[in-house]
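These are the residues of each chain, in order.
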Amino acid sequence: MTASAAVPPSKPTAILVGFMGAGKSTVGRLLADRLGVDFIDTDHEIVRRSGRSIPDIFVTDGAERFRELEAEVVADVLASHNGVVALGGGAVTTEAVRDALDAHRVFYLRVSADSGFARVRESDRPLLASDDPAERYRALLAEREETYASVAGVEIDAHGDPDAVADLIILALADELTAGRTS
């Protein structure tokens with residue numbers, strides 16, 4: 001029996017949360033491939049549905065409107081997707097998203113400020129627009145770490161190779177299935 005076979009059709013197999021640069025999209029794709037399920041990245045879904053880039057939404061409509069749109073997309077995805085879901089790094093800052101995650105398998109991909117920033121330093125991230133993007137990254141990560149941990153059932157060290165991170169999530173899912181059969 002695969003991990004996805006035990007999941008009701010309307011419940012995602014796994015939801016990945018963590019700060020920008022943690023590898024949620026990369027690991028999510030690998031994980032979905034290994035489990036034989038679909039993958040969806042809510043940031044990409046926001047872009048697809050709105051027809052606009054995330055930086056454009058932030059600049060034109062503001063962060064608050066972006067978070068509202070993000071919460072709507074996350075709610076839709078959690079209600080309809082049965083594969084692997086990667087949430088945007090700031091999704092958990094919205095109470096509605098945190099509440100929606102309550103009954104799901106959530107994995108926090110934990111990354112250090114140095115490792116995470118090294119992965120995103122060349123990207124166009126609206127939240128890093130500042131005189132010192134590395135310090136801004138550190139500050140935002142420190143602000144959010146507790147929230148990521150509070151919504152996740154399992155924390156995964158995401159510093160390593162994405163394949164190894166995906167393996168750790170598969171092991172955690174297998175442990176959950178085994179525990180479910182014995183209780």
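Residues numbered from 1 in each chain as written. Predicted model: local features only at pLDDT ≥ 70, side-chain atom pairs only at ≥ 80, totals over all residues. Heavy atoms only, no water.

An unreviewed UniProt entry lists the chain under the name Shikimate kinase, with Gordonia aichiensis NBRC 108223 given as the organism. As recorded by UniProt, the Subunit (unreviewed entry) comment attached to the chain reads in full: "Monomer." Reading the Subcellular location (unreviewed entry) entry of the UniProt record for the chain gives the comment "Cytoplasm". (UniProt positions renumbered as here; feature names shortened; annotations may be inferred.)

When helices and strands are tallied, the chain shows eight helices and five strands. In the chain, the succession of α and β elements from N to C terminus is β-α-β-α-α-α-β-α-β-α-α-β-α. With the C-alpha coordinates of the chain rotated into their principal frame, the extents come out at 55 × 30 × 25 Å. Counting contacts in the chain only where the partners sit at least 6 residues apart, residues at least 24 apart contribute 75% of the total. For the chain, the exposed surface amounts to about 9000 Å²; the carbon and sulfur share of it is 49%. Looking at charge distribution, the chain has the averaged site of its 19 positive side-chain charges lying 2 Å from that of its 31 negative ones. (Helix = DSSP H or I, 4+ residues; strand = E, 2+ residues; numbered from the N terminus. Contact = heavy atoms within 4.5 Å. Areas by Shrake-Rupley, 256 points an atom, 1.4 Å probe, with all protein chains shown as cover. Lys, Arg positive; Asp, Glu negative; His and termini not counted. Charge placed at Lys NZ, Arg CZ, Asp CG, Glu CD.)

Before going further, it helps to examine the packing of aromatic side chains. Inspection of the entire model under this criterion finds four aromatic pairs. Aromatic pair F117 and Y137: ring centres 5.9 Å apart, planes at 65°, arrangement edge-to-face. Taken together, the residues F117 in helix α6 (residues 113–120) and Y137 in helix α7 (residues 133–151) connect sequence positions 20 residues apart. Residue F117 shares its accessibility class with Y137, and that shared class is buried. Clustering of aromatic rings is evident, with ring pairs tying together F19, F117 and Y137. (Phe/Tyr/Trp six-rings, centres within 6.5 Å; stacked < 30°, edge-to-face > 60°. Buried < 20%, exposed > 50% of the residue type's maximum accessible area, 1.4 Å probe, protein only.)

Let us look at the nonpolar core. Counting residues in each nonpolar core, the largest one holds 53 residues, and the members touching the most others are V17, L87, L101, L109, Y137 and I169. The contact partners of V17, leaving out residues within four places of it in the chain, are K24, L87, V92, L101, V106, F107, Y108, L109, Y148 and V151. (Core = buried A, V, L, I, M, F, W, Y, C linked by side-chain atoms within 4.5 Å.)

The strand order across the open sheet formed by five strands is β2-β3-β1-β4-β5, and the pairing between neighbours is parallel. On the outer flanks of this sheet lie β2 (39–41) and β5 (154–157), each paired with one strand and no other. Between one strand and the next, the sheet's axes are offset by a mean angle of 25°, whatever the strand orientation. Direction of pairing for strand β1 (residues 14–17) relative to strand β4 (residues 106–110): parallel, over a ladder of three bridges. Among the inter-strand pairings, V17 is bridged to a residue of β4, identified as Y108. The strands touched by helix α2 (residues 42–50) within the sheet are β2 and β3 (84–86), with β2 carrying the most contacts at an inclination of about 70°. (Pairing = 2+ DSSP bridges. Axes fitted to C-alpha atoms, helices over the stretch in contact; angles between N-to-C directions.)

Further remarks concern the pairing of β1. The alternating pattern of β1 places A14 and L16 and I15 and V17 on opposite faces, both of which are buried. The sheet contact formed by β1 and β3 spans three bridges and is parallel. Of the residues in β3, the one forming a bridge with I15 is V85.

Within the secondary structure, R29 is located in helix α1 (residues 24–35). Sequence separation between R29 and A158 is 129 residues, and the spatial gap between their C-alpha atoms is 15 Å. When residues no more than four places from it in sequence are discounted, the contact partners of R29 are F39 and H44.

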